[in-house]
Amino acid sequence: MRVREHLLETPHSGIRRMADLASTIDDPVELAGGDPNFTTPQHIIDGAAARSSAGSTGYAPGEGFLELREAIVDKLARVNRVTADPDEVCVTTGACGGLFTSLMLAVEPGREVLLPDPGWSNYAAMIHVLGARCVPYAVDASTGWRLDPAVVEAAITPDTAALILNSPGNPTGVVFDPADLIAVTEMATDRGIAVISDEAYDEVVFDTEPFSVASQVNSDQLLTVYSFSKTYAMTGWRIGYAVGPADFVNELSLVQEPVVSSAATISMHGATVALQGPQDCVTGMVAAYAERCHQAMVLLDAEGIGYVAPGGSFFIMVDIRDSGLDSWSFATRLVEQHRVVAVPGLAFGQGGEGFVRVSLAAAPETILEGLGRIAETLDGIRNRAPAAV
């Protein structure tokens with residue numbers, strides 16, 4: 001069957017490419033993925049099963065069950081300090097579904113979308129599939145991956161249709177300064193540019209409170225996208241939600257209809273139970289990620305390896321510039337010689353070169369074992385004797 005040439009050129013995820021490479025070796029130390037080593041809390045599983053066993057297994061409304069959207073509204077007020085109505089919420093197939101459908105609605109083919117560099121690799125894939133153009137804006141390691149409003153402004157052109165923000169960030173772990181988020185959002189929305197704020201890791205923050213730009217900027221050009229995947233370890237449930245102007249959100253639910261109909265009914269039940277139930281599971285998992293991050297930084301400090309301290313999410317970018325290798329070569333060597341799977345920074349844009357992304361979603365002992373082998377790899381390269389002449 002014929003495939004459109006344009007889609008054959010889609011820049012697919014480097015994360016998946018590394019996972020494919022890891023599948024060729026025995027007993028890899030897996031530090032590439034963002035799938036928590038926690039299972040979904042049992043009360044969420046039991047609650048979703050109970051509702052399904054009681055007979056609620058049919059189609060759901062395209063925008064999601066009202067009970068869930070009302071629970072989301074309560075969560076937004078409690079956690080994000082965002083005021084919303086249920087008709088401003090659309091339940092989606094994960095944050096990924098919300099991001100793709102929002103971009104499809106907001107961006108015409110040929111227009112430009114600004115995205116962070118380094119940034120999550122699927123942003124570029126989505127934009128390409130939709131026939132739009134990626135325009136990176138740099139978040140530089142030398143500044144702690146800071147969001148610089150001046151850098152973003154310089155990237156805006158008359159063809160700019162949308163801007164993607166991501167805090168807490170993937171792959172960097174950065175939590176952008178609220179003042180910078182506000183400045184960039186106001187600058188863009190005032191010019192009629194759609195701002196899509198990816199807040200999939202909103203509650204996975206260390207030493208700070210969750211911040212949503214929608215709590216401070218009121219604009220009909222702003223949409224925020226959230227996920228249950230990270231907060232509640234519900235990655236396989238594929239459930240998220242988008243929050244924004246009611247007319248846009250209504251169109252989003254209609255456009256998602258011919259693609260997925262709606263999010264899965266059983267997943268909506270699980271999400272409802274997650275929001276209505278105890279939240280100590282969230283605080284416990286976030287505390288565990290924070291401790292893993294601390295242990296990782298202690299090991300890297302002891303080994304003299306550079307990094308930028310994460311403020312949240314599941315990731316830390318490890319500086320491998322001393323190796324003299326590009327990040328793909330280094331990551332490939334890690335797999336082939338030391339059975340450690342990390343993601344080359346270049347998979348997330350030119351700004352990620354010189355780093356590899358290490359996941360803190362793995363078990364603590366796995367993280368420390370993998371970082372130890374990364375240190376051994378760097379030491380081996382640094383101490384390598386010059387070739388004979």
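Placed above this text is the structure.
Draft legend 1. Quick peek at a nonpolar patch on the surface. Residues Met104, Val259 and Val260 make up a contiguous nonpolar surface patch of about 240 Å² in total accessible area. With respect to the helices and strands, the residue Met104 is situated in helix H5 (residues 94-106).

Draft legend 2. Up close: the sheet that holds strand S5 (residues 160-166). Taken in spatial order, the seven strands line up as S2-S8-S7-S6-S5-S3-S4 in an open sheet, and their pairing is mixed. Looking at which strands have only one partner, the edges of the open sheet turn out to be strand S2 (89-92) and strand S4 (133-138). Mean inter-strand twist for the sheet, computed between neighbouring axes without regard to direction, equals 25°. Pairing of strand S3 (residues 112-117) with S5 involves three bridges; the strand directions are parallel. Counted as the bridge partner of Val113 is Ala162 from S5.

Draft legend 3. Inspection of the packing of aromatic side chains at higher detail. Summed over the entire model, instances satisfying the criterion amount to 10 aromatic pairs. The rings of Phe38, Tyr201, Tyr289, Phe314 and Phe315 are connected pair by pair, giving a single aromatic cluster. Arg17 extends its terminal NZ or CZ atom over the ring of Trp328, reaching a point 3.8 Å from the ring centre. The residue whose ring lies beneath Arg357 is Phe315, and the NZ or CZ to ring-centre distance is 3.8 Å.

Draft legend 4. Structural context of the nonpolar core. Core analysis: the largest hydrophobic core is formed by 87 residues, its most contacted members being Phe228 and Val318. The greatest single-element share of this core, amounting to 10 residues, is contributed by helix H11 (residues 280-303). Counting 27 residues, the second-largest nonpolar core is a separate cluster that includes Ala141, Leu163, Val308 and Met317.

Draft legend 5. Seen up close, the pairing of S4. Relative to S4, S3 is paired through six bridges, and the arrangement is parallel. Bridging across to S4, Asp117 finds its partner in Ala138. Note on the crossover from S3 through helix H6 (residues 121-129) to S4: the handedness is right-handed.

Draft legend 6. Local environment of the sheet that holds strand S11 (residues 343-344). Spatial ordering of the open sheet is given by S9-S12-S11, a layout of three strands whose pairing is antiparallel. On the outer flanks of this sheet lie strand S9 (315-319) and S11, each paired with one strand and no other. When S11 meets strand S12 (residues 355-359), the two strands line up antiparallel, connected through two bridges. When the sheet's bridge partners are listed, Pro344 is paired in S12 with Val356.

Draft legend 7. Structural detail: unusual backbone geometry. Pro118 follows Asp117 through a cis peptide bond whose omega is 5°. That bond from Asn170 to Pro171 is cis: its omega, 20°, falls within 30 degrees of zero. Within the secondary structure, Pro171 is located in the loop between S5 and helix H8 (178-189). A positive phi angle, close to 60°, is found at Trp145, a residue other than glycine. Tracing the backbone shows Trp145 in the loop between S4 and helix H7 (149-155). Positive phi outside glycine occurs at Ala233, with the angle close to 55°.

Draft legend 8. Main features of helix H13 (residues 364-382). Along its 19 residues, H13 runs 27 Å from first to last C-alpha, staying within 8% of the 27 Å computed at 1.5 Å per residue. When we look at burial in H13, the residues that qualify are Ile367, Gly370, Leu371, Arg373, Ile374, Ala375, Thr377, Leu378 and Ile381.

Draft legend 9. Layout of the environment of Gly380. Within the secondary structure, Gly380 sits in helix H13. Assessed through its relative accessible area of 42%, Gly380 is described here as partly exposed. Separated by 302 residues in the primary sequence, Gly380 and Arg78 place their C-alpha atoms 50 Å from one another.

Draft legend 10. Structural view of the pattern of salt bridges. Throughout the structure, instances matching the rule amount to 10 salt bridges. Measuring nitrogen to oxygen at the nearest pair gives 2.6 Å for the salt bridge that ties Asp319 to Arg321. Close ionic contact of Arg373 with Glu369 constitutes a salt bridge, the shortest N to O distance being 2.7 Å. Here Arg373 pairs with Glu369, and both are found in helix H13, just four residues apart, close to one helical turn. Under the relative-accessibility criterion, Arg373 is labelled buried at 15%. In the salt-bridge network here, residues are joined through shared partners; they are Glu112, Arg133 and Asp159.

Basis of the calculations
- Residues numbered from 1 in each chain as written.
- Predicted model: local features only at pLDDT ≥ 70, side-chain atom pairs only at ≥ 80, totals over all residues.
- Heavy atoms only, no water.
- Patch = residues over 30% accessible without salt bridge, like charges linked within 9 Å, V, L, I, M, F, W, Y side chains within 5 Å.
- Areas by Shrake-Rupley, 256 points an atom, 1.4 Å probe, with all protein chains shown as cover.
- Salt bridge = Lys/Arg side-chain N within 4 Å of Asp/Glu carboxyl O.
- Helix = DSSP H or I, 4+ residues; strand = E, 2+ residues; numbered from the N terminus.
- Pairing = 2+ DSSP bridges.
- Axes fitted to C-alpha atoms, helices over the stretch in contact; angles between N-to-C directions.
- Phe/Tyr/Trp six-rings, centres within 6.5 Å; stacked < 30°, edge-to-face > 60°.
- Lys NZ or Arg CZ within 6 Å of the ring centre and 35° of its normal.
- Core = buried A, V, L, I, M, F, W, Y, C linked by side-chain atoms within 4.5 Å.
- Buried < 20%, exposed > 50% of the residue type's maximum accessible area, 1.4 Å probe, protein only.
- Right-handed = clockwise from strand over helix to strand, strands pointing away.
- Expected span 1.5 Å × (residues − 1).

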